[in-house]
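Descriptive analysis of the structure
Chain by chain, the residues:
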Amino acid sequence: MNIAIVDDELEMRQTLVDYIGRFGEESGIELETVTFESGEQFLKNYKMIFDIIIFDIDMPGINGIDTARKLRETDSNVTIIFVTNIAQYAINGYEVDAVDYILKPISYYDFSMKFHRTVAKAAQKKEHTIKVETAEGTRKLRLPALIYVEVLSHYLYFHTTKRDYKVRGNIGDVEKELEKYNFVRIHRSYIVNLKYVNKVLSTEVTVGSAVLPVSRNYKEKLKEEYLKYIRGED
């Protein structure tokens, strides 16, 4: 897992790096850590490669809460946890869907107890996202929000509930990655999320508000997978 630490105090950044290293060794989890000394530096260099972000709340310039709010405009999936001197500040963390907060001064025992839950939450989210390379940089798309994938003019288009993402890639590779999450190929140009399928006909399927063609080669597979999905079968 990739972890970012955003804290203006060098000593605290080093403490957290040490604690994360110890936690990784004890739990057998590979953890990579990058540190930032301000919210401004973090946002300027931000790429969607992190699974967990640890924010100090009380920092000069843009504070941890406001940094997290800005982050949530582009990344709704990454797991956030705060460190703070004053517990009441951490209440605002729920606005940005923070998992928890840790009070300073931080002991390793307190850290490990709360970080265990944080890692578990991040792992759960990681299993339900797909990483894509767009012209805007790396993006992690939440699979529950992905409606369908389309091939158009040699590009893949990931249609989500919020927006579309244009990506270079191979639809066959995407099909293999998504098939275990209730996605099914219906055409050489389309993969659909069964969660959003409203109607299945012999030559077309309604997915969300889109009506997409069903190829003869994929018709039986679609019917089979759709019936299993609505029956709640694995």
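Here's what I pulled together on the structure shown here. (Residues numbered from 1 in each chain as written. Predicted model: local features only at pLDDT ≥ 70, side-chain atom pairs only at ≥ 80, totals over all residues. Heavy atoms only, no water.)

We now examine the overall build of the protein chain. Across its full length, the protein chain holds seven helices and 15 strands. Judged by the C-alpha coordinates and their principal axes, the protein chain covers about 65 × 35 × 30 Å. Taking the contacts inside the protein chain whose residues are at least 6 apart along the sequence as the reference set, 54% of them involve residues at least 24 apart. If you sum the accessible surface of the protein chain, you get close to 12800 Å²; carbon and sulfur atoms cover 47% of it. (Helix = DSSP H or I, 4+ residues; strand = E, 2+ residues; numbered from the N terminus. Contact = heavy atoms within 4.5 Å. Areas by Shrake-Rupley, 256 points an atom, 1.4 Å probe, with all protein chains shown as cover.)

Under the defined criterion, the tally for this structure stands at 14 salt bridges. Two residues, aspartate 66 and arginine 69, come together in a salt bridge whose shortest N-O distance is 2.4 Å. Residue aspartate 66 and its partner arginine 69 are located together in helix H3 (residues 64-72), separated by three residues, close to a single helical turn. Classification of arginine 69 as partly exposed rests on a relative accessible area of 34%. With its nearest N and O atoms 3.6 Å apart, the salt bridge here joins glutamate 73 to lysine 70. Glutamate 73 gets classed as exposed once you look at its relative accessible area, which sits at 58%. Judged by its relative accessible area of 44%, lysine 70 is partly exposed. (Salt bridge = Lys/Arg side-chain N within 4 Å of Asp/Glu carboxyl O. Buried < 20%, exposed > 50% of the residue type's maximum accessible area, 1.4 Å probe, protein only.)

A word on the packing of aromatic side chains. Within the structure shown, the criterion is met by 12 aromatic pairs. Ring plane angle 70 degrees and centroid distance 5.4 Å describe the contact between tyrosine 19 and tyrosine 108, whose orientation is recorded as edge-to-face. Remark: tyrosine 108 occurs in helix H5 (residues 108-126) and tyrosine 19 occurs in helix H1 (residues 10-27); sequence separation between them is 89 residues. Across the pair, exposure class does not vary: tyrosine 19 and tyrosine 108 are buried alike. In textbook terms, an aromatic cluster arises when at least three aromatic residues are bridged by ring pairs, as seen for Phe36, Phe42, Tyr46, Phe50, Phe55 and Phe82. Against the face of tyrosine 101 rests lysine 114, its NZ or CZ located 4.9 Å from the ring centre. Directly above the ring of tyrosine 155 sits lysine 166, whose terminal nitrogen or CZ lies 4.1 Å from the centroid. (Phe/Tyr/Trp six-rings, centres within 6.5 Å; stacked < 30°, edge-to-face > 60°. Lys NZ or Arg CZ within 6 Å of the ring centre and 35° of its normal.)

This next bit is on empty space enclosed by the protein. Applying the stated criterion across every chain, the model contains one cavity of 30 Å³ or more. Considering the residues around the largest cavity, the lining is formed by Asp51, Asn77, Val78, Thr79, Ala122, Lys125, Lys126, Thr129 and Lys140. Per-element tally for the lining of the largest cavity: the top contributor is H5, with three residues. Per-class residue counts for the lining of the largest cavity are two nonpolar, three polar and four charged. (1 Å grid on protein atoms, 1.4 Å probe; cavity = no way out; pocket = protein on both sides within 12 Å on 5 of 7 lines; lining within 4 Å. Points joined across faces, edges and corners; volume = space filled by probe spheres on them. Nonpolar A, V, L, I, M, F, W, Y, C, P; charged D, E, K, R; others polar.)

Ordered in space as E13-E14-E15, the three strands form an open sheet in which the pairing is antiparallel. Of all strands in the sheet, those bounded by a partner on one side alone are strand E13 (197-200) and strand E15 (210-213). If you compare each strand with its neighbour and ignore which way they point, the axes differ by 25 degrees on average. Across four bridges, the pairing between strand E14 (residues 204-207) and E15 is antiparallel. Residue pairing across strands places valine 205 opposite leucine 212, the latter belonging to E15. (Pairing = 2+ DSSP bridges. Axes fitted to C-alpha atoms, helices over the stretch in contact; angles between N-to-C directions.)

Take it as geometry only, folks, not as evidence of what the structure does.
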